[in-house]
Amino acid sequence: MIHAGRLALQKRAKSGLLGGMWELPNLSGKADIAQIQKWLEKKYSNIKSLINNVDQFEDLNTDQIPYYSLDYLIKKKVAESSKYVYDLLDEVDLITANKNISLDKMERLFPDLVLFSPDHSTFFIIEIKREKQAEREAITELLAYEHELKNLFPFMSNIEVCFILIASDYNTLLSHSVYSLSLWQNKKILPLKINGIE
């Protein structure tokens with residue numbers, strides 16, 4: 001911003017609020033995947049403290065949805081799964097961040113973060129998605145990473161693998177995929193929406 005005693009300024013576009021005025025140079029306010037990943041790498045040991053609205057795991061509004069409704073059962077199962085994963089996140093170690101975990105180096109399997117809880121013998125695969133097209137790949141990637149972790153540790157059958165999916169938006173396809181993982185495949189997943197680091 002300041003170089004050789006000079007302050008850098010840029011002129012705003014003519015249209016819109018404050019159009020044509022001068023401002024300090026800035027970047028788009030939306031953090032990209034790499035920025036979020038680096039931020040999480042620094043904060044992983046306190047990951048539970050970064051998660052807001054935890055009370056929603058147990059506070060399903062049953063007045064709006066009948067108990068027998070499939071939608072209610074799905075939301076209840078996802079809430080239980082979310083709480084389960086959240087409760088295991090106390091003491092975690094960073095195993096890898098954006099590194100290829102494949103035994104076959106010709107394959108490219110790069111989970112954003114893999115954490116491990118020695119107390120609970122649990123791996124946590126964290127996948128971050130920012131773009132709508134990339135969200136279509138999220139569940140496939142999580143399942144592939146889980147498969148490869150089990151290949152890496154074949155004699156550790158009691159090791160659990162949980163998923164944490166961090167996305168900007170949960171469109172219909174991604175929401176239904178999360179529901180399917182939780183309800184029909186009985187996978188433990190904590191779906192989180194990015195908030196506050198935009």
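For the structure itself, look to the data block above.
Residues numbered from 1 in each chain as written. Predicted model: local features only at pLDDT ≥ 70, side-chain atom pairs only at ≥ 80, totals over all residues. Heavy atoms only, no water.

A.B. asks: Outline the overall build of the protein, supporting the account with residue identities and numerical values.
C.D. replies: Counting its secondary structure elements, the protein contains five helices and nine strands. Reading the protein from its N terminus to its C terminus gives the helix and strand order β-β-β-β-α-α-β-β-β-α-α-β-α-β. The 198 residues of the protein split such that 36% are buried. The long-range share in the protein, meaning contacts at least 24 apart out of those at least 6 apart in sequence, stands at 62%. Accessible surface for the protein amounts to roughly 12500 Å². Of this, 53% is attributable to carbon and sulfur atoms. (Helix = DSSP H or I, 4+ residues; strand = E, 2+ residues; numbered from the N terminus. Buried < 20%, exposed > 50% of the residue type's maximum accessible area, 1.4 Å probe, protein only. Contact = heavy atoms within 4.5 Å. Areas by Shrake-Rupley, 256 points an atom, 1.4 Å probe, with all protein chains shown as cover.)

A.B. asks: Got a sec to walk through helix 2 (residues 70–87)? Specific residues and values, please.
C.D. replies: In this model helix 2 runs 26 Å from its N-terminal to its C-terminal C-alpha over 18 residues, within 8% of the 26 Å that 1.5 Å per residue would give. Contacts from the buried residues of helix 2 go to strand 7 (122–129), strand 8 (160–167), helix 5 (172–184) and strand 9 (189–193). (Expected span 1.5 Å × (residues − 1).)

A.B. asks: Please provide a residue-by-residue account of the packing of aromatic side chains, values included.
C.D. replies: The tally for this structure, following the rule as stated, stands at two aromatic pairs. Measuring from centroid to centroid gives 4.8 Å for Phe116 and Phe123, while their planes differ by 50°, and the two rings are tilted. Across the pair, Phe123 and Phe116 agree in class, each one buried. Put simply, the rings of Phe116, Phe123 and Phe153 pair up and form one aromatic cluster. Directly above the ring of Tyr86 sits Lys48, whose terminal nitrogen or CZ lies 4.6 Å from the centroid. Lying over the aromatic face of Tyr84, Lys188 brings its terminal NZ or CZ to 5.2 Å of the ring centre. (Phe/Tyr/Trp six-rings, centres within 6.5 Å; stacked < 30°, edge-to-face > 60°. Lys NZ or Arg CZ within 6 Å of the ring centre and 35° of its normal.)

A.B. asks: Outline the side chain of Glu148, listing residues and values.
C.D. replies: As for its placement among the helices and strands, Glu148 is situated in helix 4 (residues 138–152). Buried charge without a salt bridge: Glu148, with Lys105 as the nearest opposite-charge side chain at an N-O distance of 7.8 Å. Residue contacts for Glu148: discarding those within four places in its chain leaves Ile101, Ser102, Leu103, Glu107 and Leu109. (Lys, Arg positive; Asp, Glu negative; His and termini not counted. Salt bridge = Lys/Arg side-chain N within 4 Å of Asp/Glu carboxyl O.)

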